[in-house]
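Residue-level structure breakdown
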Amino acid sequence: MRRAMAVFVTRRIPAEGMRVLSEAAGCRLQQWDSEEPVPRRELLAGVAGKQGLLCLLSDRIDAEVLDAAGPSLKVISTMSVGFDHLALDEIKKRGIRVGYTPDVLTDATAELSVALLLATCRRLPEAVSEVKTGGWTTWKPLWMCGYGLSGSTVGIIGLGRIGQAVARRLKPFGVKNFLYTGSRPRPENAAEFQAEFVPLTKLAQESDFVVVTCALTPDTQGMCNKDFFSRMKKTSVFINTSRGAVVNQEDLYDALVGGQIAAAGLDVTTPEPLPTDHPLLKLRNCVILPHIGSATYATRSTMAVLAADNLLAGLRGEPMPHELLL
């Protein structure tokens, strides 16, 4: 970089990412050095006059933040594959480049999706609780029974990178059929699994397991609602590791309480974190995780390095490893 570039980092990130930034010539760093989200006031103050911003998916980067940064802000790098926390229209109007971190978290998120599916359909959290609270008294023929994958039909909403990785991991369990839906057929993605492209309604009706791995868009927001759940089998299991807003949580609650579906597993919710008194947390047939899809040490370190590399490349006027084209 020909001149000093001022950068604000909104959180404590893995050391490997900070090392990339701190060792870059001409990069002046300011960081909110905490595990907790940067307070709004500190974010607005920290971004002022900066050329670069490295943020996380929990940071709402809207017009107010962009105004606080001023015209000096040239690059935003988010340490996430999702970007619904960024006001993209405003960012585009101001000519700011955006970097993000796809691909690197695909395997970790797919692994978590399968783990959550298995934990939910085989009732593992319930079983652990029974052991700890004295509910385990003797062997019983129907006690703690759940649903298996062998011979089942799995419906995947969004057969992108993560959706394919989930299907790839589920196939050896003996899944009989894969269905998928999305904005358009993706035969090149589906061929490996002989997956059939179907309308959302048919996927709901025929799937024993529904796994949501799509992006959050205006079309997908609230897509899994009362009508969707009413079409699902009473023995079906619903899994969401995409974004919380894809699901109408009130409708999901009603479906679980009313026995319309058997169980649900969520790694994402609205809001995040979910309040501890939320009705979904009171249900034995709903497993909720704190958005840990990419939470392996290796994946988070790789994300941090990629976010740093994106930021520096943007500040240098070079192609980013992963730029979101606006």
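Everything in this summary refers to the structure shown in the same document. Keep in mind that what you see is a predicted model, and the values were worked out from it rather than measured.

Quick look at the packing of helix 5 (residues 106-121) against helix 7 (residues 161-170) now. Remark: helix 5 packs on helix 7, axes separated minimally by 8 Å, with the N-to-C direction vectors making an angle of 50 degrees. Here helix 5 lies oblique to helix 7, going by the angle between them. When the axes of helix 5 and helix 7 are compared, the crossing they make is right-handed. Judged by residue contacts, Thr-106, Asp-107, Thr-109, Ala-110, Glu-111, Ser-113, Val-114 and Leu-117 of helix 5 engage Arg-161, Ile-162, Ala-165, Val-166, Arg-169 and Leu-170 from helix 7. The residue inventory of the contact of helix 5 with helix 7, partitioned by class, reads 7 nonpolar, 3 polar and 4 charged.

Grouped burial of nonpolar side chains is what soluble globular proteins tend to show. Counting residues in each nonpolar core, the largest one holds 48 residues, and the members touching the most others are Val-154, Leu-170 and Phe-178. If you tally residues by element for this core, the top one is helix 12 (residues 297-315), at 8 residues. When residues no more than four places from it in sequence are discounted, the contact partners of Val-154 are Leu-149, Leu-170, Val-175, Asn-177, Phe-178, Leu-179, Ser-207, Phe-209 and Val-211.

To continue, consider unusual backbone geometry. Note the cis peptide between Thr-270 and Pro-271, where omega equals -5 degrees. In this structure, Pro-271 sits in the loop between strand 11 (263-266) and strand 12 (286-288). Put simply, Glu-272 and Pro-273 share a cis peptide bond, and its omega is 0 degrees. Locating Pro-273 in the fold gives a position in the loop between strand 11 and strand 12. Not every positive phi belongs to a glycine, and Gln-194 is a case in point at roughly 50 degrees. Among the structural elements, Gln-194 can be located in the loop between helix 8 (187-190) and strand 8 (196-197). For His-291, which is not a glycine, the phi torsion comes out positive at approximately 55 degrees. You can see His-291 is positioned in the loop between strand 12 and helix 12. By relative accessible area, His-291 is classed as partly exposed at 22%.

Another aspect to go through is the sheet that holds strand 10 (residues 237-240). Backbone-to-backbone hydrogen bonds join strands into a sheet, with any given pair of strands oriented parallel or antiparallel. Overall, parallel pairing links the 7 strands, which are arranged 8-7-6-9-10-11-12 in an open sheet. What marks the edges here is a single partner per strand, and that holds for strand 8 and strand 12. Two strands pair when backbone bridges link them, and strand 7 (residues 177-181) and strand 8 are joined in this way by 2 bridges, in the parallel orientation. Opposite Tyr-180, over in strand 8, you have Phe-197 as the bridge partner. Those strands touched by helix 11 (residues 249-257) are strand 10, strand 11 and strand 12, and its axis lies near 145 degrees from that of strand 11.

Let us now look at the pattern of salt bridges. Counted by the stated rule, this structure contains 19 salt bridges. In this structure, the salt-bridge partner of Glu-35 is Arg-12, at a minimum N-O distance of 3.8 Å. Within this pair, whereas Glu-35 is found in the loop between strand 2 (27-31) and helix 2 (40-47), its partner Arg-12 is found in the loop between strand 1 (5-9) and helix 1 (15-22), the two being separated by 23 residues in sequence. Look at Arg-12 and you get partly exposed, because its relative accessible area is 37%.

What follows deals with the packing of aromatic side chains. What the rule picks out here adds up to 6 aromatic pairs. Summarising the aromatic geometry, the rings of Phe-83 and Tyr-100 are spaced 5.9 Å apart at their centres and angled 85 degrees between planes, so their arrangement reads as edge-to-face. Of the two residues, Phe-83 sits in the loop between strand 4 (75-78) and helix 4 (88-93) while Tyr-100 sits in the loop between strand 5 (97-99) and helix 5, which places them 17 residues apart along the sequence. A relative accessible area of 15% places Tyr-100 in the buried class. Look at Phe-228 and Phe-238: their rings are 6.2 Å apart centre to centre, the planes differ by 70 degrees, and that puts the pair in the edge-to-face class. Placement of the pair is Phe-228 in helix 10 (residues 226-231) and Phe-238 in strand 10, with a sequence separation of 10 residues. We note that Phe-228, like Phe-238, is buried.

Below, the discussion takes up helix 5. Here helix 5 spans 22 Å end to end across 16 residues, near enough to the 22 Å set by a 1.5 Å rise per residue. The buried count for helix 5 comes to 12 of 16 residues, which makes it a mostly enclosed element. Along helix 5, the residues that are buried comprise Thr-106, Ala-108, Thr-109, Ala-110, Leu-112, Ser-113, Val-114, Leu-116, Leu-117, Ala-119, Thr-120 and Cys-121. Where helix 5 ends, the next residue or the one after it, Arg-123, has phi of about 60 degrees, a positive value.

Residues Gly-52 and Leu-54 line one face of strand 3 (residues 52-55) and the alternating positions Leu-53 and Cys-55 line the opposite face, and both faces are buried. Alignment of strand 1 against strand 3, held across 3 bridges, turns out to be parallel. If you follow Val-7 over to strand 3, its bridge partner there is Gly-52. Crossover handedness for the path strand 3 to helix 3 (residues 63-69) to strand 4: right-handed.

Calculation notes
- Residues numbered from 1 in each chain as written.
- Predicted model: local features only at pLDDT ≥ 70, side-chain atom pairs only at ≥ 80, totals over all residues.
- Heavy atoms only, no water.
- Axes fitted to C-alpha atoms, helices over the stretch in contact; angles between N-to-C directions.
- Helix = DSSP H or I, 4+ residues; strand = E, 2+ residues; numbered from the N terminus.
- Parallel < 35°, antiparallel > 145°, perpendicular 65-115°, else oblique.
- Left-handed = near helix turned anticlockwise from the far one by under 90°.
- Contact = heavy atoms within 4.5 Å.
- Nonpolar A, V, L, I, M, F, W, Y, C, P; charged D, E, K, R; others polar.
- Core = buried A, V, L, I, M, F, W, Y, C linked by side-chain atoms within 4.5 Å.
- Buried < 20%, exposed > 50% of the residue type's maximum accessible area, 1.4 Å probe, protein only.
- Pairing = 2+ DSSP bridges.
- Salt bridge = Lys/Arg side-chain N within 4 Å of Asp/Glu carboxyl O.
- Phe/Tyr/Trp six-rings, centres within 6.5 Å; stacked < 30°, edge-to-face > 60°.
- Expected span 1.5 Å × (residues − 1).
- Right-handed = clockwise from strand over helix to strand, strands pointing away.

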